[in-house]
Amino acid sequence: MKKSSSLKIRLPTLVLVLEVIIIALYAVFVTYDENADAKLQNNETNPMDNSLYRDYPYFADVQVMIFVGFGCLLAFFRFYGFGGMVFNFLTATFAIQWAILMQGFFQFYYDGKIHLGVINLVNAEFACAVVLISFGAVLGKTSPVQLLVMASLEIPIFAVTEWAITKYIRINDAGGTILIHLFACYFGLGVTFVLYRPSLNDGHAKEITSYHSDILSVMGTLFLWVFWPSFNSALTFKGDDQHRAILHTFIGLSSSTITAFALSALFNKRGKLTMADIQNVTLAGGVTVGASVDMMISPVAAYALGVMGCTACFFGYKYLSPFMARRMRIQDQCGIHNLHGLTGIISATAGICAILLATEETYGPSLYQTFSHRAPPEGDPQLLELQKLIPGLNPGLGRTAQEQALYQVAAVLITIAASAAGGLLTGLVMKFPSLASPSDEDCFDDELFFDMPSDFASIELLKVYAVTAVSC
Amino acid sequence: MKKSSSLKIRLPTLVLVLEVIIIALYAVFVTYDENADAKLQNNETNPMDNSLYRDYPYFADVQVMIFVGFGCLLAFFRFYGFGGMVFNFLTATFAIQWAILMQGFFQFYYDGKIHLGVINLVNAEFACAVVLISFGAVLGKTSPVQLLVMASLEIPIFAVTEWAITKYIRINDAGGTILIHLFACYFGLGVTFVLYRPSLNDGHAKEITSYHSDILSVMGTLFLWVFWPSFNSALTFKGDDQHRAILHTFIGLSSSTITAFALSALFNKRGKLTMADIQNVTLAGGVTVGASVDMMISPVAAYALGVMGCTACFFGYKYLSPFMARRMRIQDQCGIHNLHGLTGIISATAGICAILLATEETYGPSLYQTFSHRAPPEGDPQLLELQKLIPGLNPGLGRTAQEQALYQVAAVLITIAASAAGGLLTGLVMKFPSLASPSDEDCFDDELFFDMPSDFASIELLKVYAVTAVSC
Amino acid sequence: MKKSSSLKIRLPTLVLVLEVIIIALYAVFVTYDENADAKLQNNETNPMDNSLYRDYPYFADVQVMIFVGFGCLLAFFRFYGFGGMVFNFLTATFAIQWAILMQGFFQFYYDGKIHLGVINLVNAEFACAVVLISFGAVLGKTSPVQLLVMASLEIPIFAVTEWAITKYIRINDAGGTILIHLFACYFGLGVTFVLYRPSLNDGHAKEITSYHSDILSVMGTLFLWVFWPSFNSALTFKGDDQHRAILHTFIGLSSSTITAFALSALFNKRGKLTMADIQNVTLAGGVTVGASVDMMISPVAAYALGVMGCTACFFGYKYLSPFMARRMRIQDQCGIHNLHGLTGIISATAGICAILLATEETYGPSLYQTFSHRAPPEGDPQLLELQKLIPGLNPGLGRTAQEQALYQVAAVLITIAASAAGGLLTGLVMKFPSLASPSDEDCFDDELFFDMPSDFASIELLKVYAVTAVSC
């Protein structure tokens, strides 16, 4: 059994193939964008106007979320801390470089080249977040080879969906609720559906946390919590739109956090707090405000969204996840359906309400900037009027609020369909026998893929002591 | 005994009540400020001039300090890592949303509304820091219900004090030495005086650290250390004032750190280093430079302040804290009186000296910007002269240096009086029997409020092994 | 034996002496620079143009790398977590304040004063990074007294070398490959050569990691990884140069990371991953892109450099380090020669190639900004032409690409010679018997220099259990 999970040939071979492809594509297609190309600077360029200074702070914040935040959060298993943190590192690193190419072809391609700047990296980080969320559904049950395969398929499927929705459906989704959270969630559920392991429904001896792994995981939560406003606002319009996105995310997270504590104590048999709630449910507000994060929803609405998202997420963990595992063959290891799916649907619904309620009275002429598809189309005299009030306003599609709302609904449905189908397909590929998939017994155990320090054995030993010597 | 500390009803009830109040107040009173309101943008608005870009970087840095820095620092007890980190998370989250309202009414209220922008969040974070410092005095001896009660009382008392001093006394206190550190310290001491537990004066078996908790706590120290310059400079004038604030904080922390190492080794029986010194005393310099942090005190003075603050703090831990616990019924768990009180008094004194020594010769006309209350009052012809040199200089109160110094003294005394009285009062409320206060025996133990992972029992077991098998 | 390693007198005495010297020098020589001096602000000063806002974000990012990143990374030994993290804290803090003075005299000295701003702190952080890299060569085998002595000698030697090369050789080295990484590496090797401990060549019982120390160390790696783009770009030209520096560093790190995973699995006997590779080899790409990081090398070249640097680094750890320890008396504890030396030489070579290939066709007139020494000298009419295209272009030395390449070679050789000689000399001073050097037996053990929590003994005990009770 151990032989079949050796990474010796499989991982290097796959990495080599991917690197050769990436190098070839980089060599042929990738060049600098106008903010990074020395030749395009001239005597009217002000270096401090470089897009770098607008984008890099948000990029750096999201980097911390992806590598440190996710990394620590996923290290919550007692015997799978290396796996959680290190496979997150590997998967994220690969996903970003792959997304630079895939999104590049769809979004940053002109004159026969992908034009690269920090803004592409920000977009690639979001694509990477999609993969890492999906990863949460199969944490502890997949080899790094499988994860790389998953990333190499999920990124292009995501890039196509993103491009189709951005180009043809055209939606408002500043915080990425629809495109990031819903896509990631249903893709991950699709994968885990295919990789169903019946024997794990009865629990696994190693599916437990430790005192230190729980603390580490809370640290991950805190890093995600702190920088989530940057995540939700990185791609909004600059100025007041971004300002609101930061306020709403902060407020939503705050109300969601204290609600999570209350629910955790209320539904615990002994009136104690459960660490898994604090690690996950506290974050629900960040997703729930996403789809309307840049709109004039008012601070109290952001607060209420945080409470609602948190509540849905909490009961999802409590009732829906076990149900899905037993009845629907969907083993959602980290409960991504609760933290990203349920909250995502609430968020998308709230976004639609916000769109329907948006009026010029509330937004002023900025309405046509925040809801850019409602701006009058090219050639419409009304556009010229508006451009006097908002210099540089882009022509839109002249949609009404109702039309835009329908497009939002369409986007939700298309995203769920595309991601679930993509996830099922990807799950099938991940089942190929040569991808070093761990046996049921070896799940949630670092031993399988890592050279372990000698105290690891004694950590397992501790459990025996604890069980035999103490009646907890 | 266990029953009485169940959070099952108490915590959810309290959170529900607080949330209903907050939602009602948000709904009625909170709207966006001019930088976050879409309607107030017009064709002369440059999005990149939005206040967001001035305030958000400092906000994000302080967020890391509050959630990750404090969270890790307070997790130093061996059996209270969850409590330290997670109650900090809960208390901070609630304190900020509550402070947005309380400070909002006093500082950001006009046209019948509290106007919300990131700048309010920065102010609310400072109010939150006040609560977390006070929390340090009672760490491990209070339930989360008590902590929420403490925060809900401390925030309005702080907001009133802050408003009274800012509006009527008008002081120079860029780093918040007087308003934040002194207030937090004496409030916390007031609370802990009322919550006095005589039996804990002889030590508690669980009042110990572990190898991992000590490392975690140092990580907290490092995050606080790294971002302290942002804390001390977040609310200064922009430009050279903020630049000096960052330089002085960095220098003060640096000299304080190496001094702490020297004193730790010198006063240790076996010439070894004590982790508690490295976790706490190293930070003294950051407080000590606070009151004069934006003034032209010269780099060497910042260096000397760091050394002085560190020395006072060190001896406070060594001699004063034990004395206060035994003789004055003040059990200051984390030694906040050393790190925030003694250093705060030194800092306030240094600030007064810097005020008395400030001349136009050193500052140029900027004198009247840094010391804004010394600027000539509205209508004074000297004001017009100065406004030619510093466009946009606000009229002041025409105070002399000596007058300003006296106001500083008054502010120190009022702050100490208000905070101590507020702390005593709050302590009395926190004594209500239904707030799930832990018994003496259950202090410093996560078991009381958390569902524990199974290895927690074996961690306690380890102690037995260590004690019996090894002569350390 | 224990007596001779007591810090009781030695550490405080040394700190006192250093502080007196620093205070004296600060008092006499250090003042504010024009961005921090209140008197130099006038009615044409725009506070938001203060250099603070250009430099502080990068300063803060590098702070996280130095204190948290290095601190965690160096805490990888099972029994030396305090030492790794805390001695890093002490050494870094002292090194920066000392570098402010030493670099101050060479780079920021005019009108009889060192002029201090955040830009000096950024430079001092780089000097500090030099010391911390060298520290890696002797981790676990030196007392804090020895480390302070090392820092107090290395900083001035570095400052002189930096000054000589910057002023007389004049090179392109935006990421600090030559001046930081090569200097630090060969200085460290010089020190460890002198401090050779033959008995440690056969391994040391405590030279091991633990499950938690490995995770902590990976966290350090992640913080370094995330903020490395800020490190490599902090001192480039603003605008497109800095933009490219960030892109290249990110790409180089990415390709280096996935390559490290592949090599780790390929060369492991059982096809598993080795944590030491993930902690160190993943970072090789950040160094390798350094010397050409701001040039128009194309994204694919940055990718290839990451792969090359990683490969060299990996085989260095595997074959070269053991060879150097056994045959050359160079015990390189953390393998700095692999992560900073080999990669540095590859990087310097790549930089030279990039210089030789740079043409106006690729760079446009910006060529003379990026390669500032190739700009025409003062008085050359070509300079005036260029200044029309690039306002504010500084006159250069009129060097050809070939000339510049030769100067780069000279700088590499001089840096290696100066650092190796400096390291040998410093090593001799560090051998002085009164510097509390640990005995061979006491290496890699926190017990020697710290008051330990009681569970530390049981952590050692665990090893016995693990060895006796489990056959791993």
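By convention here, each chain's residues receive numbers from 1 onward along its written sequence. Note on labels: chains are lettered from A, ligands numbered from 1, in written order. Given that this is a predicted model, residues contribute local features only at a pLDDT of at least 70 and side-chain atom pairs are listed and counted only at 80 or more, while totals for whole chains, interfaces and linings are drawn from all residues. To obtain the side-chain values, all non-hydrogen atoms of the structure were included, while hydrogens and water were left out.

1. Let's talk about the overall build of chain A
Line of reasoning, step 1. Numbering goes from the N terminus for both helices and strands, where a helix is a DSSP run of H or I of at least four residues and a strand is a run of E of at least two. The helix and strand tally for chain A stands at 17 helices and three strands.
Line of reasoning, step 2. Atoms counted for the radius of gyration: C-alpha only. Globule rule: 2.2 Å times the number of residues to the power 0.38. The globule rule puts the C-alpha radius of gyration for 472 residues at 23 Å, and the 23 Å found for chain A is close to it.
Line of reasoning, step 3. Along the three orthogonal principal directions, the C-alpha set of chain A runs to about 80 × 55 × 40 Å.
Line of reasoning, step 4. Each of the 472 residues in chain A was classed as buried or not, and the buried ones make up 67%.
Line of reasoning, step 5. Across chain A, contacts joining residues at least 24 apart in sequence account for 79% of those joining residues at least 6 apart.
Line of reasoning, step 6. Accessible surface is estimated by sampling points in the Shrake-Rupley manner with a 1.4 Å probe; for residues, cover comes only from the protein chains shown. Accessible surface, chain A: about 14,900 Å² in total, of which carbon and sulfur atoms supply 65%.
Line of reasoning, step 7. When charges are counted, neither His nor the chain ends are considered; positive counts come from Lys and Arg and negative counts from Asp and Glu. Every charge is mapped onto a representative atom, which is NZ of Lys, CZ of Arg, CG of Asp or CD of Glu. Placing the 27 positive and 36 negative side-chain charges of chain A at their respective mean positions leaves the two points 10 Å apart. Burial here depends on accessible area, computed with a 1.4 Å probe over protein chains only, as a share of the maximum for the residue type. Under 20% is buried, over 50% is exposed, and the range in between is partly exposed. The contact criterion used throughout is that any non-hydrogen atoms of two residues lie within 4.5 Å.

2. A few points about the sheet that holds strand 3 (residues 113–116) of chain B
Residue and element names in this part refer to chain B.
Line of reasoning, step 1. Across the sheet, which stays open at both edges, the three strands sit in the order 1-3-2 with mixed pairing between neighbours. At either margin of the open sheet sits one strand with a lone partner, and together these are strand 1 (30–32) and strand 2 (109–110).
Line of reasoning, step 2. Bridge count for strand 1 against strand 3 is three bridges, and the pairing is parallel. Looking across to strand 3, one finds that V30 is bridged to I114.
Line of reasoning, step 3. Sheet contacts for helix 1 (residues 10–29): strand 1, strand 2 and strand 3; angle to strand 1, the most-contacted strand, approximately 50°.
Line of reasoning, step 4. This element, helix 3 (residues 81–107), spans strand 1, strand 2 and strand 3 of the sheet and lies at about 110° to strand 3. Strands pair, by our definition, only if DSSP identifies at least two bridges between them. Interaxial angles span 0 to 180 degrees and are taken between N-to-C directions of axes, which are lines fitted to C-alpha atoms, for helices over the stretch in contact.

3. Remarks on the UniProt feature "domain: Ammonium transporter AmtB-like" (unreviewed entry) in chain A
Line of reasoning, step 1. As annotated in UniProt, the feature "domain: Ammonium transporter AmtB-like" (unreviewed entry) corresponds to residues 24–431 of chain A in the numbering used here.
Line of reasoning, step 2. The span residues 24–431 of chain A is 68% helix and 2% strand, and its two end C-alpha atoms sit 28 Å from each other. UniProt positions are given in the numbering used here, feature names are shortened, and annotations may be inferred rather than shown by experiment.

4. So, the interface of chain C and chain A
Line of reasoning, step 1. On the side of chain A, 75 residues touch chain C, which itself brings 74 residues to the contact.
Line of reasoning, step 2. Together, the buried faces of chain C and chain A total about 6,400 Å²; carbon and sulfur atoms form 73% of this surface.
Line of reasoning, step 3. Looking at the side of chain C facing chain A, the largest losses of area belong to Y211(C), H243(C) and F250(C), adding up to 12% of the total buried there.
Line of reasoning, step 4. Salt bridge, as applied in this entry: a Lys or Arg side-chain nitrogen positioned within 4 Å of an Asp or Glu carboxyl oxygen. For the pair chain C and chain A, the interface holds one salt bridge.
Line of reasoning, step 5. Between R270(C) and D451(A) there is a salt bridge; the shortest N-O distance is 2.9 Å.
Line of reasoning, step 6. N or O atoms closer than or at 3.5 Å make up a polar contact, with two conditions inside protein: a donor-capable atom paired with an acceptor-capable one, and, for residues adjacent in sequence, both atoms drawn from side chains. Connecting chain C to chain A are 30 residue pairs in polar contact (both at pLDDT 80 or more).
Line of reasoning, step 7. For the side of chain C that touches chain A, the secondary-structure elements that each account for two or more residues are helix 2 (52–73), helix 7 (211–233), helix 8 (240–266), helix 9 (275–280), helix 11 (299–327), helix 13 (360–363), helix 15 (381–389) and helix 17 (455–469) of chain C.
Line of reasoning, step 8. If one sorts the elements of the side of chain C that touches chain A by residue count, helix 8 of chain C sits on top with 18 residues. Note on terms: buried area is the combined drop in 1.4 Å-probe accessible area of two parts once they are placed together, counting the loss on both.

5. So, the relation of the copies chain C and chain A
Line of reasoning, step 1. Mapping chain C onto chain A calls for a screw motion: a turn of 120° about the axis and a shift of 0.0 Å along it, with 0.0 Å RMSD after fitting. Here the two chains are linked by the operation of a three-fold rotation axis.
Line of reasoning, step 2. When the interface residues of chain C are mapped onto chain A, a mere 7% of them are again interface residues, pointing to distinct binding faces. In superposing the copies, a least-squares fit is computed on C-alpha atoms, taking residues whose pLDDT is at least 70 in both.

6. Remarks on unusual backbone geometry
Most peptide bonds take the trans configuration, and most residues that are not glycine carry a negative phi.
Line of reasoning, step 1. Of note in the backbone geometry, D111(A) takes a positive phi value of approximately 50° without being a glycine.
Line of reasoning, step 2. Looking at the secondary structure, you find D111(A) in the loop between strand 2 (109–110) and strand 3 (113–116).
Line of reasoning, step 3. In this structure, R170(B) is a non-glycine residue whose phi angle is positive, near 60°.

7. A short note on the packing of helix 12 (residues 336–357) of chain B against helix 16 (residues 401–430) of chain B
Residues and elements named next belong to chain B.
Line of reasoning, step 1. Their axes nearest at 8 Å, the elements helix 12 and helix 16 cross at an angle of 165°. With respect to each other, helix 12 and helix 16 are oriented roughly antiparallel. Pair helix 12 / helix 16 crosses with right-handed handedness. Residues A348, I352, I355 and L356 of helix 12 form the contact with helix 16, whose own contacting residues are A401, Q402, Q404, A405, Q408, V409 and V412.
Line of reasoning, step 2. Residue classes follow a fixed rule: Ala, Val, Leu, Ile, Met, Phe, Trp, Tyr, Cys and Pro count as nonpolar, while Asp, Glu, Lys and Arg count as charged, and any other residue, Gly among them, counts as polar. In the contact of helix 12 with helix 16, the residues fall into eight nonpolar, three polar and no charged. By definition in this entry, angles of less than 35 degrees are roughly parallel, angles greater than 145 are roughly antiparallel, angles of 65 to 115 are roughly perpendicular, and the rest are oblique. A clockwise turn of the near helix away from the far one marks a right-handed crossing, whereas an anticlockwise turn of less than a right angle marks a left-handed crossing.

8. Topic: the packing of aromatic side chains
Line of reasoning, step 1. Side-chain rings of Phe, Tyr and Trp, where Trp is taken by its six-membered ring, are said to pair if the distance between their centres is within 6.5 Å; with planes under 30 degrees apart they count as stacked, over 60 as edge-to-face, and otherwise as tilted. A full pass over the atoms with the stated rule returns 102 aromatic pairs over all chains.
Line of reasoning, step 2. The interplanar angle of 85° and the centroid separation of 6.0 Å between the aromatic rings of F67(A) and F89(A) together place this pair among those described as edge-to-face. Here the residue F67(A) occupies a position in helix 2 (residues 52–73), and F89(A) occupies one in helix 3 (residues 81–107), the gap between them amounting to 22 residues. Each member of the pair F67(A) and F89(A) is classed as buried.
Line of reasoning, step 3. Between W225(A) and F89(B), the ring centres sit 5.8 Å apart and the planes meet at 90°, which makes this aromatic pair edge-to-face. Separated into two different chains, W225(A) in helix 7 (residues 211–233) and F89(B) in helix 3 make up a pair that spans both. The pair formed by W225(A) and F89(B) is uniform in burial state, with each residue classed as buried.
Line of reasoning, step 4. Among the aromatic residues, those joined into a cluster by ring pairs are Y56(A), F59(A), F67(A), F89(A), Y58(C), W225(C), F250(C) and F261(C).
Line of reasoning, step 5. One cation-aromatic arrangement involves R329(B) over F193(B); the distance from NZ or CZ to the ring centre is 5.3 Å. Two conditions define a charge sitting above a ring: the NZ of Lys or the CZ of Arg must be within 6 Å of the ring centre, and it must be within 35 degrees of the ring normal.

9. A look at the interface of chain A and chain B
Line of reasoning, step 1. Taken together, the contact pairs 74 residues of chain A with 75 residues of chain B.
Line of reasoning, step 2. Between chain A and chain B we count one salt bridge in total.
Line of reasoning, step 3. Linking chain A to chain B there are 30 residue pairs in polar contact (both at pLDDT 80 or more).
Line of reasoning, step 4. For the side of chain A that touches chain B, the secondary structure elements donating two or more residues are helix 2, helix 7, helix 8 (240–266), helix 9 (275–280), helix 11 (299–327), helix 13 (360–363), helix 15 (381–389) and helix 17 (455–469) of chain A.
Line of reasoning, step 5. Examining the composition of the side of chain A that touches chain B, we find that 18 residues originate from one element, helix 8 of chain A, more than from any other.
Line of reasoning, step 6. By residue class, the composition of the side of chain A that touches chain B is 41 nonpolar, 21 polar and 12 charged.

10. Focus: the pairing of strand 3 of chain B
All names here are of chain B.
Line of reasoning, step 1. One ladder, built from two bridges, connects strand 2 with strand 3; its direction is antiparallel. Across the sheet, residue Y110 finds its bridge partner in strand 3, namely K113.
Line of reasoning, step 2. Counted along the chain from strand 2 to the antiparallel partner strand 3, the turn is two residues long, and its residue D111 has a positive phi close to 50°.

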